[in-house]
Amino acid sequence: MHPNIEVEVAGLVLRSPLMVASGVLGSSGSLIRLVSTNPYVGAVVTKTVTYRPRTGFENPTVVDLGYGLLNAMGLPNPGYSNYRVELESVRRGLEIPLIVSIGPSDENEAEEMVKELDNVSDGFEVNLSCPHVENLGIEVGADASRVRGIVKAVRGSTGKPVLVKISPNVTDFVTNARTAVEAGADAITAINTVRGMAIDVNAMRPILSNIYGGLSGKAVHPVAVRIVFELYEKIKKPVVGCGGVYDWRGAVELILAGATAVQVGSAIAHSQSGLKVFNEIGEGVRRYLSLKGFSSVKQIVGLAHLEH
Amino acid sequence: MNASHYYLEANVASNISETGRVNTLVLKLSEELKIAPGQFLMVWRPGDGEIPITPSLAEGETLCLTIEKVGFTSSRLASLKPGEKVFLRGPYGNGFNLSLPGRYLLVGGGTGAASLTPAYLSLVRKGVETLFLVGARNRESLVYVQRLRELGARFQVATDDGSEGFKGTLPEFFVEVASRNRFENVLTIGPERMMVKIAEKCVEHGVSCQVSLVRIVKCGLGVCGSCVLDPLGLRVCVDGPVFNGEKILGSDFGRFMRDEAGRRIEIVQ
């Protein structure tokens with residue numbers, strides 16, 4: 001038996017449930033093209049693009065903790081109009097959906113960006129959860145009326161699937177996700193990074209120039225599992241799981257918790273084999289399904305819940 | 001990958017002025033640092049930022065960093081006084097392959113002369129026949145030649161204006177030297193347009209050429225895309241900084257890099 005690992009998220013058919021998470025390799029056309037050639041990559045989410053170009057924060061911007069990554073890049077990006085040119089060339093001939101991550105600070109920016117980027121994307125992921133940039137990300141994501149306004153503006157500007165990425169750094173992430181769904185989100189991506197910091201004991205100073213950053217990787221996996229599990233019960237739309245998936249077990253765990261698809265980010269930086277980590281995870285998921293007697297990965301979504 | 005977030009503390013023992021724009025920091029480390037010629041370190045001063053630097057000497061607990069004042073962080077680092085501290089993490093990336101058979105010709109332009117010195121010393125110690133060409137615009141802009149003399153290095157100098165050594169550019173000198181000597185391997189660090197010319201000559205003559213690139217390195221882990229070479233998708237921080245020159249000719253090499261915001265900008269030098 002050769003279990004089917006194709007999934008469907010908000011109308012997008014993915015050849016594999018594994019997506020490249022935003023912020024990892026999705027920053028240049030050539031890297032997007034490179035990752036898309038891996039048969040176990042089902043979709044690529046780009047680096048978050050903002051209305052204006054951003055240079056990001058001074059180095060150090062990333063701390064490799066081994067069990068995770070702590071980053072405060074500061075959303076460096078060329079701005080949506082420059083990025084559009086880059087995406088235009090890459091999308092031609094791309095075999096998998098390209099989901100553009102956007103970080104608007106208000107409705108007007110959201111509308112203009114989405115209209116401009118609509119014909120170079122297959123869907124959008126709205127980043128309302130970057131934990132370290134002022135007036136963008138979590139500052140927006142923690143404010144229900146701004147979430148509603150921005151998601152409505154995105155929804156009203158495209159017919160393509162809209163994912164909203166939420167933060168674990170707010171008490172009431174369920175309300176946030178519900179607000180996004182009511183405003184027109186087709187799916188929720190959970191989670192973005194968890195706020196944290198690191199201090200160098202020799203320098204006796206915070207390592208990140210921004211002092212605070214966002215933790216990703218293995219360390220946040222249980223947080224992601226818990227949030228995906230809870231969202232699966234409380235919202236009516238698909239959940240895309242993201243957080244510390246390093247192997248097939250991590251991916252299966254999120255799917256059993258309720259994720260329709262799973263994003264992989266930090267593992268790419270930590271894997272000795274680079275992009276082959278997608279093969280390892282994808283083949284492992286397939287082996288697991290086969291062993292457990294399932295013909296499709298869709299059959300195990302949310303299976304960890306009691307009602308099943 | 002041996003990257004770690006633990007920084008090694010280093011004390012500035014002395015600061016040598018090479019030119020008006022370039023200084024060499026001689027550092028004493030708290031412990032020995034293993035770094036292969038051509039690999040780089042991330043060098044951090046809290047409050048001043050962190051940049052990638054390929055050391056110009058790494059012997060036991062002594063480390064030399066030859067730094068050109070290009071931006072804020074490099075200017076701050078190049079101005080440090082004895083007794084001040086910097087913090088190092090790494091090594092990162094792939095260094096030079098020095099086990100290829102045959103003779104080696106090293107070509108260092110500007111601060112590239114300094115960054116190539118560990119490779120030169122390593123080859124000479126192995127008994128490999130090695131010739132080192134260093135160059136700059138003029139005599140005043142030559143970097144690291146004093147240190148090379150102290151190290152007993154055999155090297156030849158070219159200056160654009162002929163104020164010292166061969167009169168002409170390094171690629172011109174390279175062609176001249178290569179016409180009189182046979183080499184199987186070329187290593188080069190310097191301005192990218194210079195390296196492109198050298199790599200092209202090497203391809204013409206069927207000589208292996210390793211070039212070392214500089215880009216804005218942010219994550220150092222190969223994920224952020226800041227240092228990517230399009231259209232190849234090669235990342236300077238993990239796939240480089242040393243590349244086979246032939247493999248990257250025709251790419252962004254010598255033509256484009258990305259700025260802090262990830263915009264592709266033209267390389268002018």
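Model, not experiment: these values are computed from the prediction. (Residues numbered from 1 in each chain as written. Chains lettered and ligands numbered in written order. Predicted model: local features only at pLDDT ≥ 70, side-chain atom pairs only at ≥ 80, totals over all residues.)

A.B. asks: Whenever I open this one, the overall build of chain B confuses me. Can you help?
C.D. replies: Each helix and strand counted, chain B has seven helices and 18 strands in total. Based on the C-alpha atoms only, the size of chain B along its principal axes is roughly 50 × 40 × 35 Å. For chain B, the proportion of its 269 residues judged to be buried stands at 52%. In chain B, of all internal contacts separated by at least 6 residues, the share reaching a separation of at least 24 is 60%. (Helix = DSSP H or I, 4+ residues; strand = E, 2+ residues; numbered from the N terminus. Buried ≥ 20, exposed ≤ 12 C-beta atoms within 10 Å, placed from the backbone. Contact = placed C-beta atoms within 7 Å.)

A.B. asks: Explain the overall build of chain A to me, please; I cannot follow it from the model alone.
C.D. replies: When helices and strands are tallied, chain A shows ten helices and 16 strands. For 308 residues, the compact-globule formula gives about 19 Å, and the C-alpha radius of gyration of chain A, at 18 Å, lands near that figure. Over its C-alpha atoms, taken along the principal directions, chain A stretches across nearly 50 × 50 × 40 Å. Of all 308 residues assigned to chain A, the portion counted as buried reaches 58%. Nonlocal contacts in chain A, meaning residues at least 24 apart in sequence, comprise 72% of its contacts between residues at least 6 apart. (Rg over C-alpha atoms; globule rule 2.2 N^0.38 Å.)

A.B. asks: Looking at this structure, I do not really get the domain arrangement of chain B. What am I missing?
C.D. replies: Bring the parts together and some accessible area is lost; that lost area is often taken as the interface size. All names here are of chain B. Taken domain by domain, chain B consists of domain 1 (8–92) and domain 2 (104–266). Using only C-alpha atoms to locate each centre, domain 1 and domain 2 end up separated by 20 Å. On the side of domain 2, 18 residues touch domain 1, which itself brings 17 residues to the contact. Only β2 (22–29), β3 (40–45), β5 (57–59) and β6 (62–68) provide two or more residues apiece to the side of domain 1 that touches domain 2. (Domains from an automatic or database assignment.)

A.B. asks: Hey, could you run me through the environment of Met204(A) in this one?
C.D. replies: Within the fold, Met204(A) resides in the loop between β12 (199–200) and β13 (205–206). As a C-alpha pair, Met204(A) and Glu109(A) span 95 residues in sequence and 40 Å in three-dimensional space.

A.B. asks: Would you mind going over unusual backbone geometry with me for this structure?
C.D. replies: As a rule of thumb, non-glycine residues mostly have phi less than zero, and peptide bonds are mostly trans rather than cis. Of note, the bond from Gly90(B) into Pro91(B) is cis; its omega dihedral lies within 30 degrees of zero at 5°. As for its position among the elements, Pro91(B) is in strand β7 (residues 85–92). At Ala10(A), a position not held by glycine, the phi torsion is positive, near 50°. Of note, Ala10(A) is situated in the loop between β1 (7–9) and β2 (12–14). For Leu75(A), which is not glycine, the phi dihedral falls at a positive 50°. Note that Leu75(A) resides in the loop between β6 (69–71) and α2 (80–91).

A.B. asks: Looking at this model, I keep getting lost on the interface of chain B and chain A. Mind explaining?
C.D. replies: Between chain B and chain A, the contact holds 28 residues from the first and 36 residues from the second. Looking at the side of chain B that touches chain A, the element that brings in the most residues is strand β4 (residues 49–53) of chain B, giving three residues.

A.B. asks: When you look at the nonpolar core in this model, what are you seeing that I'm missing?
C.D. replies: All names here are of chain A. Core analysis: the biggest nonpolar cluster contains 180 residues, and Ile188, Val228 and Val264 have the highest contact counts within it. Among the elements that line this core, the one with the most residues is helix α7 (residues 221–234), at seven residues. With residues near it in sequence (within four places) discarded, Val264 still touches Leu18, Val20, Ala21, Val245, Val277, Phe278 and Ile281. (Core = buried A, V, L, I, M, F, W, Y, C linked by C-beta atoms within 7 Å.)

A.B. asks: Help me out: how do you make sense of the confidence of the model for chain B in this one?
C.D. replies: Interpretation of the predicted coordinates at a detailed level should be avoided for regions scoring low in pLDDT. With 98% of its residues at a pLDDT of at least 70, chain B reaches an overall mean of 93. Confidence metrics for the complex model read pTM 0.92 and ipTM 0.90. (pLDDT = per-residue confidence, 0-100.)

A.B. asks: Any chance you could explain the environment of Val114(A) here in plain terms?
C.D. replies: Residue and element names in this part refer to chain A. With respect to the helices and strands, Val114 occurs in helix α3 (residues 107–117). Under the C-beta neighbour-count criterion, Val114 is labelled buried, with 24 such atoms within 10 Å. Each C-alpha atom of the pair Val114 and Val154 lies 6.3 Å from the other, and the pair is 40 residues apart in sequence. Setting aside its immediate chain neighbours within four residues, Val114 contacts Ile102, Phe124, Val154, Ser157 and Thr158.

A.B. asks: Please explain the sheet that holds strand β14 (residues 213–216) of chain A as it appears in this structure.
C.D. replies: Remark on secondary structure: sheet strands pair via backbone hydrogen bonds, oriented parallel or antiparallel. All names here are of chain A. Pairing in this open sheet of four strands is antiparallel, and the strands run β5-β6-β14-β11 from one edge to the other. What marks the edges here is a single partner per strand, and that holds for β5 (62–64) and β11 (194–196). Averaged over all adjacent pairs, the angle separating strand axes in this sheet is 30°, with direction ignored. Pairing analysis gives three bridges linking β6 to β14, with the strands arranged antiparallel. (Pairing = 2+ DSSP bridges. Axes fitted to C-alpha atoms, helices over the stretch in contact; angles between N-to-C directions.)

A.B. asks: I tried to follow the packing of α2(A) against α3(A) on my own but got confused; where do I start?
C.D. replies: The angle between the axes and the distance between the axes are what describe a pair of packed helices. All names here are of chain A. The interhelical angle for the contact between α2 and α3, taken along N-to-C directions, is 20°, at an axis separation of 10 Å. One way to sum up the angle between α2 and α3 is to call them roughly parallel. Here α2 and α3 pass one another in a crossing that is right-handed. Residues Tyr80, Ser81 and Arg84 of α2 form the contact with α3, whose own contacting residues are Met113, Glu116 and Leu117. Residue composition of the contact of α2 with α3, by class: three nonpolar, one polar and two charged. (Parallel < 35°, antiparallel > 145°, perpendicular 65-115°, else oblique. Left-handed = near helix turned anticlockwise from the far one by under 90°. Nonpolar A, V, L, I, M, F, W, Y, C, P; charged D, E, K, R; others polar.)

A.B. asks: I'm lost on the packing of helix α5 (residues 170–180) of chain B against helix α6 (residues 192–205) of chain B in this one. Help?
C.D. replies: All names here are of chain B. The interhelical angle for the contact between α5 and α6, taken along N-to-C directions, is 25°, at an axis separation of 9 Å. Taken as axis vectors, α5 and α6 run roughly parallel relative to one another. For the pair α5 and α6, the sense of crossing is right-handed. Listed contacts from α6 to Leu170, Pro171, Phe174 and Val175 of α5 are Met194, Lys197, Ile198 and Lys201. For the contact of α5 with α6, the residue count by class is six nonpolar, no polar and two charged.

A.B. asks: Sorry if this is basic, but what is going on with the sheet that holds strand β15 (residues 239–242) of chain A here?
C.D. replies: All names here are of chain A. Judged by pairing direction, the barrel is parallel, and its eight strands sit side by side in the order β3-β4-β7-β8-β9-β10-β15-β16 before closing back on the first. Here the average twist between neighbouring strands, direction ignored, is 25°. Across the sheet, α7 is in contact with β10 (187–190), β15 and β16 (259–264); its angle to β15 comes to roughly 175°.

A.B. asks: Would you take a moment to explain the pairing of β6(B) for this structure?
C.D. replies: Where a strand is regular, its side chains alternate between the two sheet faces. All names here are of chain B. Judged by how many residues are buried, β6 sits mostly within the fold: five of seven residues are covered. As paired elements, β2 and β6 share seven bridges and run antiparallel to each other. Counted as the bridge partner of Val26 is Cys64 from β6. When β5 meets β6, the two strands line up antiparallel, connected through three bridges. The residue of β6 that forms the bridge with Leu57 is Cys64. Taking the residues between adjacent antiparallel strands as the criterion, β5 and β6 are bridged by two residues, where Gly60 takes a positive phi near 60°.

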